[in-house]
Structures are given as C-alpha cells and as structure tokens.
Amino acid sequence: MATQIGIGAKAPNFKLPADGGKSIELASLKGKQVVLYFYPKDDTSGCTLQAKNFNDKLAEFARSNTEVIGISADSVTSHDKFKKKYDLAFPLVSDEDKTALEAYGVWVEKSMYGKKYMGIERTTVLIDKDGIVKAIWPKVKVPGHVEEVLAAARG
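The structure presented is a predicted model; accordingly, all values stated were derived computationally and were not measured. (Residues numbered from 1 in each chain as written. Predicted model: local features only at pLDDT ≥ 70, side-chain atom pairs only at ≥ 80, totals over all residues. Heavy atoms only, no water.)

Overview of the overall build of the chain
Thinking step 1. The helix and strand tally for the chain stands at 5 helices and 9 strands.
Thinking step 2. Counted from the first residue to the last, the chain has its helices and strands arranged as β-β-β-α-α-β-α-β-α-β-β-β-β-α.
Thinking step 3. Taking 15 Å as the expected radius of gyration for a compact globule of 155 residues, we find that the chain reaches 14 Å, a close match to that expectation.
Thinking step 4. Per-residue burial over the chain gives 46% buried out of 155 residues.
Thinking step 5. Long-range pairs, those at least 24 residues apart, make up 64% of the contacts in the chain between residues at least 6 apart in sequence.
Thinking step 6. On the chain, roughly 7,800 Å² of surface is accessible, and the fraction owed to carbon and sulfur atoms is 52%.
Thinking step 7. Considering the chain, the positive charge centre built from 23 side chains and the negative charge centre built from 20 side chains are found 2 Å apart. (Helix = DSSP H or I, 4+ residues; strand = E, 2+ residues; numbered from the N terminus. Rg over C-alpha atoms; globule rule 2.2 N^0.38 Å. Buried < 20%, exposed > 50% of the residue type's maximum accessible area, 1.4 Å probe, protein only. Contact = heavy atoms within 4.5 Å. Areas by Shrake-Rupley, 256 points an atom, 1.4 Å probe, with all protein chains shown as cover. Lys, Arg positive; Asp, Glu negative; His and termini not counted. Charge placed at Lys NZ, Arg CZ, Asp CG, Glu CD.)

Describing the packing of aromatic side chains
Thinking step 1. Tallied over the full model, the rule gives 7 aromatic pairs.
Thinking step 2. Ring geometry for Tyr37 against Phe90: centres 5.9 Å apart, planes inclined by 65°, an arrangement best described as edge-to-face. Here the residue Tyr37 occupies a position in strand E3 (residues 33–38), and Phe90 occupies one in the loop between helix H3 (76–86) and strand E5 (92–94), the gap between them amounting to 53 residues.
Thinking step 3. The class of Tyr37 is buried, set by a relative accessible area of 0%.
Thinking step 4. Seen from their ring centres, Phe38 and Tyr104 are 5.3 Å apart, and the 40° between their planes marks the pair as tilted. Remark: Tyr104 occurs in the loop between helix H4 (99–103) and strand E6 (107–112) and Phe38 occurs in strand E3; sequence separation between them is 66 residues.
Thinking step 5. The class of Phe38 is buried, set by a relative accessible area of 0%.
Thinking step 6. Under the relative-accessibility criterion, Tyr104 is labelled buried at 0%.
Thinking step 7. Members of the aromatic cluster, joined through ring pairs, are Tyr37, Tyr39, Phe54, Phe61, Phe82, Tyr86 and Phe90.
Thinking step 8. One residue, Lys98, lies across the ring of Trp107, its end atom 4.9 Å from the ring centre. (Phe/Tyr/Trp six-rings, centres within 6.5 Å; stacked < 30°, edge-to-face > 60°. Lys NZ or Arg CZ within 6 Å of the ring centre and 35° of its normal.)

Here we look at the pattern of salt bridges
Thinking step 1. Per the stated rule, a full pass over the model turns up 8 salt bridges.
Thinking step 2. In this structure, Asp19 engages Lys83 in a salt bridge whose closest nitrogen and oxygen atoms are separated by 2.8 Å. With Asp19 in the loop between strand E1 (15–17) and strand E2 (23–25) and Lys83 in helix H3, this pair connects stretches of sequence that are 64 residues apart. This pair shows no difference in class: Asp19 is buried, exactly as Lys83 is.
Thinking step 3. One salt bridge connects Glu67 with Lys32, and the closest N-O pair in it is separated by 2.7 Å. Here Glu67 is found in strand E4 (residues 66–72), whereas its partner Lys32 is found in the loop between E2 and E3, with 35 residues between them in sequence.
Thinking step 4. With a relative accessible area of 25%, Glu67 lands in the partly exposed category.
Thinking step 5. A single network of salt bridges, built from pairs that share partners, joins Asp19, Lys22 and Lys83. (Salt bridge = Lys/Arg side-chain N within 4 Å of Asp/Glu carboxyl O.)

Concerning H3
Thinking step 1. Residues of H3 that are buried include every one of His79, Phe82 and Lys83, and no others. Projected down its long axis, H3 carries its buried residues within an arc of 95°, all on one side. Facing away from the buried side of H3, by more than 90 degrees, are the exposed residues Lys81, Lys84 and Lys85.
Thinking step 2. On the buried face of H3, the contacting elements are helix H1 (45–56), E4 and E5.
Thinking step 3. Positive backbone phi, at 55°, marks Asp87, one or two positions downstream of H3. (Arc of directions from axis to C-beta.)

Quick look at a nonpolar patch on the surface
Thinking step 1. On the surface, a cluster of nonpolar side chains totalling about 410 Å² of accessible area is made up of Met112, Tyr113 and Tyr117.
Thinking step 2. Residue classification places Tyr117 among the partly exposed residues on the basis of a relative accessible area of 34%. (Patch = residues over 30% accessible without salt bridge, like charges linked within 9 Å, V, L, I, M, F, W, Y side chains within 5 Å.)

Spelled out as structure tokens, the structure:
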C-alpha cells in the first residue's frame, strides 16, 4: 500500500485516459495550479455532490489560474455518462490500473461492516504552477470542502 505524498513534494506525473476520448498528462498543465480530486465512484451520492460543487465554482477556480480534474478508477465510459448526466465542465480521468491512485497514496485498505477491501480514499491535492504539492485534504468530507480548496487556490 502506497504512502500518501506530502506537501512540498513533486507531484507524480501521469498520462491517463479522460472522458470524451481525450487523455490528460499532468506535466502538460505546468504553469497552472491543478486541483486533483480523487473520488470513489461515479454517480454515487457523495461523489455526485462533490462533482457538482466543483462544477459550480469552476469559473472562480479559473480566475485563480487553477484547473480542476476528477480522478477515479471508473471507466471512461462511466465518466462520459456521469459527466453528461450532471453537465460537468471539467475533465474526469480514468485510472483503472490505479497507477496515479497508488502514486498519490489514495488507493487504501478500507473497511465497511467489518469487511476489509481496497478502495479510493476521498482526497484532494492542490498542485502549484511548478508541479509541487501545495496542499492535501485527506479523508474529505464533502460539505464546505470546495470552498476550502478554492481559498487555498487563491493563495
């Protein structure tokens, strides 16, 4: 199990498939701040609320020269449906092989009703324009979270 990266570390690069048949490489976004938010599953209540909250604040993130990217282990097809259903205007990246999830330390052992399983710990990472981790929010609770991230992006 990977350890979570720390503030001040170089953000691990990735090139992964995204919705709409695109692919996203983190290194290509240098010069902008990037919010990577890792979430468990498309179209579940908490993940939908989180996606809609980020979507509602996209213009404010853009004014802070900040890109928002959602990442889960769901397929590109699932992302396409999720994005269309809620009219999301930011990219959703598919990490079915869990490369980025492991590199960022968010693929962890979880427990529900006494049963252990591997899954994504809802985590947000803010990366500065030079590719350095500026802030990390582990074990995110959705209400009020996007406002916290936006405040940090504004600096």
